[in-house]
Every structure is written in C-alpha cells, then in structure tokens.
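Spelled out from the first residue to the last, the chains are:
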Amino acid sequence: MESIDIYKVGLGLWKLPESDCADIVYNAIKIGYRHLDSACDYGNEVEVGKGIARAIEEGICTRADLKITSKLWNTYHAKEHVELALQKSLTDLGLTYLDTYLIHFPIAQPFVPFETRYPPEWIFDTESDSPEMVIAPVPLQETWQAMESLSEKGLVKEIGICNYNSGLLNDLMAYAKIKPAQLQIESHPYLTQERLIKLAKSYNISVTAFSPLGALSYLELDMAKQSESVLEKDVVIKAAERLNKTPAQIVLRWGVQRGCSIIPKSSNLNRLKENISIFDFSLSEDEMTAISALNINKRFNDPGDFCEAAFNKFYPIYD
Ligand code: A2P
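Conventions we followed
- Residues numbered from 1 in each chain as written.
- Predicted model: local features only at pLDDT ≥ 70, side-chain atom pairs only at ≥ 80, totals over all residues.
- Heavy atoms only, no water.
- Helix = DSSP H or I, 4+ residues; strand = E, 2+ residues; numbered from the N terminus.
- Rg over C-alpha atoms; globule rule 2.2 N^0.38 Å.
- Buried < 20%, exposed > 50% of the residue type's maximum accessible area, 1.4 Å probe, protein only.
- Contact = heavy atoms within 4.5 Å.
- Areas by Shrake-Rupley, 256 points an atom, 1.4 Å probe, with all protein chains shown as cover.
- Lys, Arg positive; Asp, Glu negative; His and termini not counted.
- Charge placed at Lys NZ, Arg CZ, Asp CG, Glu CD.
- Near = heavy atom within 4 Å.
- Polar contact = N/O pair within 3.5 Å; in protein donor to acceptor, adjacent residues only side chain to side chain.
- Nonpolar A, V, L, I, M, F, W, Y, C, P; charged D, E, K, R; others polar.
- Phe/Tyr/Trp six-rings, centres within 6.5 Å; stacked < 30°, edge-to-face > 60°.
- Lys NZ or Arg CZ within 6 Å of the ring centre and 35° of its normal.
- Axes fitted to C-alpha atoms, helices over the stretch in contact; angles between N-to-C directions.
- Left-handed = near helix turned anticlockwise from the far one by under 90°.
- Expected span 1.5 Å × (residues − 1).
- Pairing = 2+ DSSP bridges.
- Disulfide = S-S within 2.5 Å.

Asker: Please provide a residue-by-residue account of the overall build of the protein, values included.
Answerer: A count of helical and extended segments in the protein gives 12 helices and 8 strands. Its C-alpha atoms give the protein a radius of gyration of 19 Å, within 12% of the compact-globule value 20 Å for 319 residues. In terms of overall dimensions, the protein has a C-alpha envelope of 55 × 45 × 40 Å along the principal axes. In the protein, which comprises 319 residues, the proportion classed as buried is 55%. Across the protein, every contact between residues at least 6 apart in sequence was considered, and the portion connecting residues at least 24 apart equals 74%. For the protein, the accessible surface area stands at approximately 14100 Å², while carbon and sulfur atoms represent 49% of it. Counting 32 positive and 44 negative side-chain charges, the protein places the centres of these two groups 5 Å from one another.

Dropping the structure here:
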C-alpha cells in the first residue's frame, strides 16, 4: 500500500454556506484535513479564515501544516489588479501567504472595485436593465506575469491555473518564466480528461480534480440530474461491496489512485470523514479500468453553457 499523502484529499470550499463554513473548516482540520481549496468567488473566505484561525489557536495544527489554495477571479486579470486581489484574499483568510494561487478561469472580465461588489461574480452591472457578463481584452500572458511577481515576492509558494485546455497549457509553458505547479480541472469518471492529465504530467504539473464525485455537486444548482450520479453505476457498487466501502469512497479512491489530488466538498461531518478515509484500500487494475471506461466526456461545469444560460453571454472555452 502506498504511503498516505493527506494533501491528496483537500476540502473543496465552493458552496459551503457562510453560516456553517467556519465550523466545517475547523471540524475538517480536526479530523485530519490539511489541504483547503478556497477562492474569492466562493464568497466565504472570511469564514474559512475563522475556521483556520480556531484550529491553529487550539494547537490542532500549525500554519505550516496546511496547504491553502485560493484563486484569482476573472475581474482581476489586469496586471495592476492581481496583487490587490491576492491581498484581499489573504486579509479575508487571515493569512500572510498562500501555498497555491491559481488563475480561476481563462476568462478576463472588467475590474469591479471591492467597494462596489465582492465577490464580483459574473455579471458586470447587476443594476442594468439587461444584466450580462462582459469580457475584457486582457491577455493571459499579462496575468501570468503578474502571478509570477507574487511568487517572486514570496506571497505565494506556488502558482498555477484552473480550467485550462491543452492548447492554453502548451502556450503558457512557452512564456512562463516560473512554470505552473498545478492545474485544477473538473475530472471524475464521466470526464476522465486523460490527454490533458497526461500533458500536465509531462510538464511536471500536478493535477487537482474538482467535482471528483461528478454530478453530485451540480444537483443543487439544477445543472445535473440524480440519474447522472456515478455512484449508482454497477462497477462502482460492485467495488464498494468487495471492499466494504461506500460508492463515494470508491470514486474518490479512483481519483487519487490515478495520480490526481481531489477536493470533494461536504457540509456533513460523517461524509467529511468518509471522504478522507480512502488510504487503507486500493482498487484492482480491472476496477480502475472499468471505472475509467465510464467516461462520456460529460462536463458539468462549462462556461460555454452556463454563461449563456445565466449571464446572457455565449463564451465557450472548451471545444
Ligand atoms: P454534502 O455537502 O451534503 O455532503 P463535489 O465535491 O464533487 O463537488 O461534490 C460535492 C457534493 O457531493 C455535495 O453535494 C456533497 O453534499 C456531496 N457529497 C460529498 N461527499 C459525499 C459522500 N461521501 N457521499 C455522498 N455525497 C457526498
């Protein structure tokens, strides 16, 4: 059995309600989580910071034991806004540095001052008669250079990207002076992304899979149907029976065993424990292959769909 790398399972903080967030973060650290996946856009960084501070104050862990990620929102891509955005996240989280700072989407939008709205989300003018998402002409190379300077100043230990495709990644590698340490992408058995993961590995970039349980994250947003849950697939259920684990543990184990980090979110203490208890068993090669074969290239988190449906703008980033 491989050695346990507790950082391979992080707590995803997207959609954790503000009211419970500090307690969930604190409890997650208490039961062993050491990797937290935050973002400006999740709107709960102040609460996340409170949970972290309580855990550190109580001596459950030190700051150095934690790996904390946050993400640069679309409205802060211009070079003069990147450090401002990082400092806001650091202040909200109550931290002096981040372990990892990622460009959240390869999508640049016009700047929205903190006083106007925070987090700014997708719509530019929420008061307008026809509110819509607006795009700003900021090249990703400019944003990356500003990310590099955060790293040079020691404000972040690692920099990286989310939601990039192979073309953007190849391009980034051509101009990056400081290479990306991490790529975060949607990946689960219905969207295995084998080529992109192989490419990232060839560049020595570690891959973090978000929404590792697939459809589950999107049910509450009406972006998926219960029937799309991978937990009900025969191969998953059979492996769960063989190993005396839950279907969720099987799918999460598959995510880690294929070499990715995963960041499942849960607001429930039992499920938090379940999701981190995946290092005392392994899937057979046949089980790994059968779960990978569920792939149907189904993307639940696709700006090409939700920006048009919800923000009045057709703006695909994947073909
Ligand atoms: P809950 O917060 O009520 O536990 P993802 O991380 O892939 O985005 O998925 C998160 C979704 O999956 C949430 O709706 C979460 O609900 C649910 N979830 C998290 N862990 C489990 C689990 N072990 N079993 C079933 N559902 C889970």
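Asker: Hey, could you go over unusual backbone geometry for me, with residue numbers and the actual values?
Answerer: Here the bond from Tyr 118 into Pro 119 is cis, since omega is -10 degrees, no more than 30 degrees from zero. Unusually for a residue other than glycine, Lys 15 sits at a positive phi of about 75 degrees. With respect to the element layout, Lys 15 can be found in the loop between strand E1 (11–12) and helix H1 (18–30). By relative accessible area, Lys 15 is classed as buried at 17%.

Asker: Outline the site of the ligand, listing residues and values.
Answerer: Not every one of the 15 residues close to the ligand is listed here, only the nearest: Ser 217, Lys 265, Ser 266, Arg 271 and Asn 275. Between the ligand and the protein, one listed contact pairs an oxygen atom with a backbone N or O atom of Leu 213 at 3.1 Å. Ser 217 places a polar side-chain atom, nitrogen or oxygen, 2.7 Å from an oxygen atom of the ligand. Across the complex, the protein chains shield 84% of the 570 Å² of accessible surface that the ligand would expose by itself. Breaking the shell around the ligand down by element, the ones donating at least two residues are helix H7 (216–219) and helix H10 (269–276). When residues in the shell around the ligand are grouped by element, the largest group, 3 residues, is from H10. Tallied by class, the residues present in the shell around the ligand amount to 6 nonpolar, 5 polar and 4 charged.

Asker: Residue-level account of the packing of aromatic side chains, with values.
Answerer: All chains considered together, the criterion is met by 11 aromatic pairs. When the centroid spacing of 6.2 Å and the interplanar angle of 65 degrees are considered together, the rings of Tyr 76 and Phe 111 count as edge-to-face. Note that Tyr 76 is positioned in the loop between strand E3 (67–72) and helix H3 (79–93) and Phe 111 in the loop between strand E4 (98–103) and helix H4 (140–152), a separation of 35 residues in sequence. Residue Tyr 76 is classed as buried on the basis of its relative accessible area, which comes to 1%. Look at Phe 111 and you get partly exposed, because its relative accessible area is 29%. Each ring, one from Tyr 76 and one from Phe 114, has its centre 5.7 Å from the other, and the planes form 65 degrees; the classification is edge-to-face. Of this pair, Tyr 76 sits in the loop between E3 and H3 while Phe 114 sits in the loop between E4 and H4, placing them 38 residues apart in sequence. An aromatic cluster is defined as three or more aromatic residues linked by ring pairs; in this entry it consists of Trp 73, Phe 105, Trp 122, Phe 306 and Phe 311. Over the aromatic face of Trp 14 sits the side chain of Lys 15, whose NZ or CZ is 4.6 Å from the ring centroid.

Asker: Describe the packing of H1 against helix H2 (residues 45–57), listing the residues and the values that go with them.
Answerer: How two helices sit against one another is set out by the angle between their axes and by the gap between those axes. Taken N-terminus to C-terminus, the directions of H1 and H2 make an angle of 35 degrees; their axes are 7 Å apart at the nearest point. In this structure, H1 crosses over H2, and the sense of that crossing is right-handed. Contact residues: H1 offers Glu 18, Cys 21, Ala 22, Asp 23, Val 25, Tyr 26 and Ile 29, while H2 offers Glu 47, Val 48, Lys 50, Gly 51, Ile 52, Arg 54 and Ala 55. A per-class count over the contact of H1 with H2 returns 8 nonpolar, 1 polar and 5 charged.

Asker: Mind laying out H3, listing which residues take part and the relevant values?
Answerer: Between the first and last C-alpha of H3 there are 22 Å, a value that for 15 residues agrees with the 21 Å anticipated at 1.5 Å per step. Within H3, burial applies to His 81, Val 82, Ala 85, Leu 86, Ser 89, Leu 90, Asp 92 and Leu 93.

Asker: Can you lay out the sheet that holds E4 for me, pointing to particular residues and giving the numbers?
Answerer: Taken together, 8 strands build an open sheet; the order of strands is E1-E2-E3-E4-E5-E6-E7-E8 and the sheet is parallel. Every interior strand has two partners, whereas the edge strands, E1 and strand E8 (261–262), have only one. Examined bridge by bridge, E4 and strand E5 (residues 156–162) share 5 bridges and lie parallel to one another. For Leu 98, the partnering residue across the bridge sits in E5 and is Val 156.

Asker: Go over H4 with me, naming the residues and quoting the values.
Answerer: The α-helix winds at 3.6 residues per turn, so residues separated by three or four positions along the chain end up facing the same way. End to end, H4 covers 18 Å across 13 residues, agreeing with the expected 18 Å (1.5 Å per residue, within 8%). All buried positions along H4 are accounted for by Leu 140, Thr 143, Trp 144, Ala 146, Met 147, Glu 148, Leu 150 and Ser 151. Where H4 is buried, its residues contact E3, H3, E4, E5 and helix H5 (166–175). In the segment just after H4, Gly 154 is the residue with positive phi, at about 75 degrees.

Asker: I'd love a proper account of the state of the cysteines, names of residues and values included.
Answerer: This model, assessed by the stated rule, comprises 0 disulfides. Take Cys 40: it sits in no disulfide, and the sulfur closest to it among the cysteines is that of Cys 162, at 12 Å. The buried category is assigned to Cys 40, whose relative accessible area is 3%.

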